[in-house]
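# Analysis of the macromolecular model
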Amino acid sequence: MSLAPLTPMVVSLGIAALAAIGSREHRRVQGDVEIYKFPSVYTCLFVGAFALFAAVACMPSLTGHDPATIAAFWLFPALAFVGGVYFFRYRLVIDRGKITVGAFSRRHIDLGQVVDTKLQTGRGAELTLVLGDGSKVRLSGLLTDFDLLSQTLLEQLKSRN
């Protein structure tokens, strides 16, 4: 029995499930605090890639006995695992004139330090905050509700000036 004819249906159902998971999470508001993050669909994709490559790496019939091939099949799951953890942990928190950005080493920025902003819209959207010391903080358009995030930050910056 060949399962190949079922592949388009399974792939379509998987993509629909991931889209449903990704669309249900949006920004969270807890009092004065707003939390933005990457959609969880990215985490699910990376965890799926981790599971697939880890399963293949454990099957000698697929990888053979070549150590370089086995190491390559363990490298991809490791990268997918780190990517999934990054997307899961990344947060942007706006809290009373301060923002906290990052996944592992979070960066705390007072909005009073921001001297300039650059908003790039369209494909590859991002908001760049230029700080007084010359450093830049780039906020990705992949964050959920990016339009609302950029409007909120730009309004807060205008009200401070």
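You'll find the structure just up there.
Residues numbered from 1 in each chain as written. Predicted model: local features only at pLDDT ≥ 70, side-chain atom pairs only at ≥ 80, totals over all residues. Heavy atoms only, no water.

### Some remarks on the overall build of the protein chain
Within the protein chain, the regular secondary structure consists of five helices and eight strands. Walking the protein chain from its N terminus toward its C terminus, one meets helices and strands in the order α-β-β-α-α-α-β-β-β-β-β-β-α. For the protein chain, the C-alpha radius of gyration of 20 Å lies well beyond 15 Å, the compact-globule estimate for 161 residues. Seen through its principal axes, the protein chain has C-alpha atoms that stretch 70 × 35 × 30 Å. For the protein chain, buried positions account for 30% of its 161 residues. Split by element, the accessible area of the protein chain, about 10200 Å² in all, is 63% carbon and sulfur. Positive and negative side-chain charges in the protein chain, numbering 16 and 12 respectively, have mean positions lying 2 Å apart. (Helix = DSSP H or I, 4+ residues; strand = E, 2+ residues; numbered from the N terminus. Rg over C-alpha atoms; globule rule 2.2 N^0.38 Å. Buried < 20%, exposed > 50% of the residue type's maximum accessible area, 1.4 Å probe, protein only. Areas by Shrake-Rupley, 256 points an atom, 1.4 Å probe, with all protein chains shown as cover. Lys, Arg positive; Asp, Glu negative; His and termini not counted. Charge placed at Lys NZ, Arg CZ, Asp CG, Glu CD.)

### Observations concerning unusual backbone geometry
With a phi angle near 50 degrees, R96 is a residue other than glycine that sits in the positive phi range. Inspection of the secondary structure puts R96 in the loop between β3 (91-95) and β4 (98-102). Accessibility expressed as a relative area gives 62% for R96, which makes it exposed.

### Focus on the sheet that holds strand β5 (residues 107-110)
Pairing within the open sheet is antiparallel, and its five strands lie in the order β1-β2-β3-β4-β5. The two strands at the open ends of the sheet, each matched to only one other strand, are β1 (28-30) and β5. For this sheet the average axis-to-axis angle between neighbouring strands, irrespective of direction, equals 15 degrees. Bridge count between β1 and strand β2 (residues 33-37): three bridges; the pairing is antiparallel. (Pairing = 2+ DSSP bridges. Axes fitted to C-alpha atoms, helices over the stretch in contact; angles between N-to-C directions.)

### Some details on the sheet that holds strand β6 (residues 114-120)
Here we have three strands laid out as an open sheet, ordered β6-β7-β8, and antiparallel in their pairing. Edge positions in the sheet fall to β6 and β8 (136-140), since each has one partner strand and no second. Taken over all neighbouring pairs, the strand axes of this sheet differ in orientation by 15 degrees on average, direction set aside. Pairing of β6 with strand β7 (residues 126-131) involves six bridges; the strand directions are antiparallel. Residue pairing across strands places K118 opposite T128, the latter belonging to β7.

### Structural notes on the nonpolar core
Ranked by size, the top nonpolar core spans 23 residues in total, and within it I99, L129, L139, L149 and L153 carry the most contacts. For this core, the elements supplying multiple residues, two or more each, are β3, β4, β7, β8 and α5 (146-160). Residue contributions to this core peak at four residues, all from α5. In this structure L129 touches I99, V114, D116, T117, S135, K136, V137, L139 and L157, once residues within four positions along its chain are discounted. (Core = buried A, V, L, I, M, F, W, Y, C linked by side-chain atoms within 4.5 Å. Contact = heavy atoms within 4.5 Å.)

### Some points on the pattern of salt bridges
Inspection of the entire model under this criterion finds three salt bridges. Salt-bridge contacts for R96 lead to D32; the nearest nitrogen and oxygen are separated by 3.3 Å. Here R96, found in the loop between β3 and β4, pairs with D32, found in the loop between β1 and β2; they are 64 residues apart in sequence, far enough to count as distant. Side by side, R96 and D32 carry an identical accessibility label, which is exposed. R138 is paired through a salt bridge with E126; the nearest N and O atoms lie 3.5 Å apart. Note that R138 is positioned in strand β8 and E126 in strand β7, a separation of twelve residues in sequence. (Salt bridge = Lys/Arg side-chain N within 4 Å of Asp/Glu carboxyl O.)

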